[in-house]
Amino acid sequence: RQKHVEATQSPPTGGATHSPAPTHGAAVTTVTFHNIDHRLTVTDVRAILDAAGYAGTYDYIFTPVSKKAVANAGVMFVNFRTPEVASCCIARGRGILNLARAGA
């Protein structure tokens, strides 16, 4: 059974690879994907995004790892270079970016 993948915009969380959280009305470039297959690695996600036409449009992918399962925690964050591409990915994320199962 395939899970529903939810893609939403979220502000960056800070740190060396992220810019500070945006102020009110600022454009957001980070997209959060929930309910992804726990077997997916960053390499898998990169290949899926590139195959979907997003090669060169993102600069950071983060998938927290569950210490119990030694797999991703079912969520990933992708930072796109522009807010327009992030919005496009959200619109397409529920259909074209099938991250709910490995090898999609």
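Residues numbered from 1 in each chain as written. Predicted model: local features only at pLDDT ≥ 70, side-chain atom pairs only at ≥ 80, totals over all residues. Heavy atoms only, no water.

Undergrad: Teacher, can you tell me more about the overall build of the protein chain here?
TA: Along the protein chain, the regular secondary structure elements total two helices and six strands. Along the protein chain, helices (α) and strands (β) appear in the sequence β-β-α-β-β-β-β-α when read from the amino end. The burial tally for the protein chain puts 38% of its 104 residues in the buried class. Taken as a whole, the protein chain presents about 6,000 Å² of accessible surface, with 56% of it coming from carbon and sulfur. (Helix = DSSP H or I, 4+ residues; strand = E, 2+ residues; numbered from the N terminus. Buried < 20%, exposed > 50% of the residue type's maximum accessible area, 1.4 Å probe, protein only. Areas by Shrake-Rupley, 256 points an atom, 1.4 Å probe, with all protein chains shown as cover.)

Undergrad: Please explain the side chain of T63 as it appears in this structure.
TA: One can find T63 in the loop between β3 (58–62) and β4 (65–66). T63 sits in the buried class, given a relative accessible area of 10%. Those residues in contact with T63 that sit more than four places away from it in its chain are V42, N72, V75 and M76. (Contact = heavy atoms within 4.5 Å.)

Undergrad: Can you help me understand the packing of aromatic side chains in this one?
TA: What characterises a pair of aromatic rings is the spacing of the ring centres plus the angle enclosed by the ring planes. Per the counting criterion, the structure on display carries three aromatic pairs. Among the aromatic residues, those joined into a ring-pair cluster are Y54, Y58 and F80. (Phe/Tyr/Trp six-rings, centres within 6.5 Å; stacked < 30°, edge-to-face > 60°.)

Undergrad: I keep staring at the confidence of the model for the protein chain and nothing clicks. Help me out?
TA: For residues with low pLDDT, the predicted coordinates do not support detailed interpretation. Residues of the protein chain with pLDDT of at least 70 account for 63%, and the chain-wide mean is 74. Between the elements of the protein chain, mean pLDDT differs from a low of 56, seen in strand β1 (residues 6–9), to a high of 95, seen in β3. Taken as a whole, residues 1–5 scores under 50 in pLDDT and shows 17 contacts with residues more than four places along the chain or in a different chain. The low-confidence segment residues 11–22 (pLDDT under 50) makes 13 contacts with residues lying over four places distant or belonging to another chain. (pLDDT = per-residue confidence, 0-100.)

Undergrad: Before we go on, may I ask you to explain the side chain of T57 in this structure?
TA: Mapped onto the elements, T57 comes out in the loop between α1 (42–54) and β3. Separated by 2.6 Å, the side chain of T57 and the backbone oxygen of Y54 make a polar contact. Discounting residues that sit within four places of it in the chain, T57 has contacts with F80, R81 and V85. (Polar contact = N/O pair within 3.5 Å; in protein donor to acceptor, adjacent residues only side chain to side chain.)

Undergrad: I would appreciate a short explanation of unusual backbone geometry in the present structure.
TA: Leaving glycine aside, a negative phi is the common case for residues, and trans is the common case for peptide bonds. Positioned with a positive phi, N35 is a non-glycine residue whose angle comes to about 65°. For N35, a relative accessible area of 37% corresponds to the partly exposed category.

Undergrad: Help me understand the environment of T57, please; the structure alone is not making it clear to me.
TA: Here T57 falls in the buried class, since its relative accessible area comes to 19%. Along the sequence, T57 and A86 sit 29 residues apart, while their C-alpha atoms lie 9.0 Å from each other.

Undergrad: Mind showing me how you'd approach the nonpolar core here?
TA: The tendency in soluble globular proteins is for nonpolar side chains to be buried side by side. Core analysis: the biggest nonpolar cluster contains 17 residues, and F33, L49, Y54, Y58, V78 and F80 have the highest contact counts within it. Of all elements in the fold, only β2 (30–34), α1, β3, β6 (75–80) and α2 (83–93) reach the threshold of two or more residues within this core. At five residues, α1 tops the list of elements feeding residues into this core. (Core = buried A, V, L, I, M, F, W, Y, C linked by side-chain atoms within 4.5 Å.)

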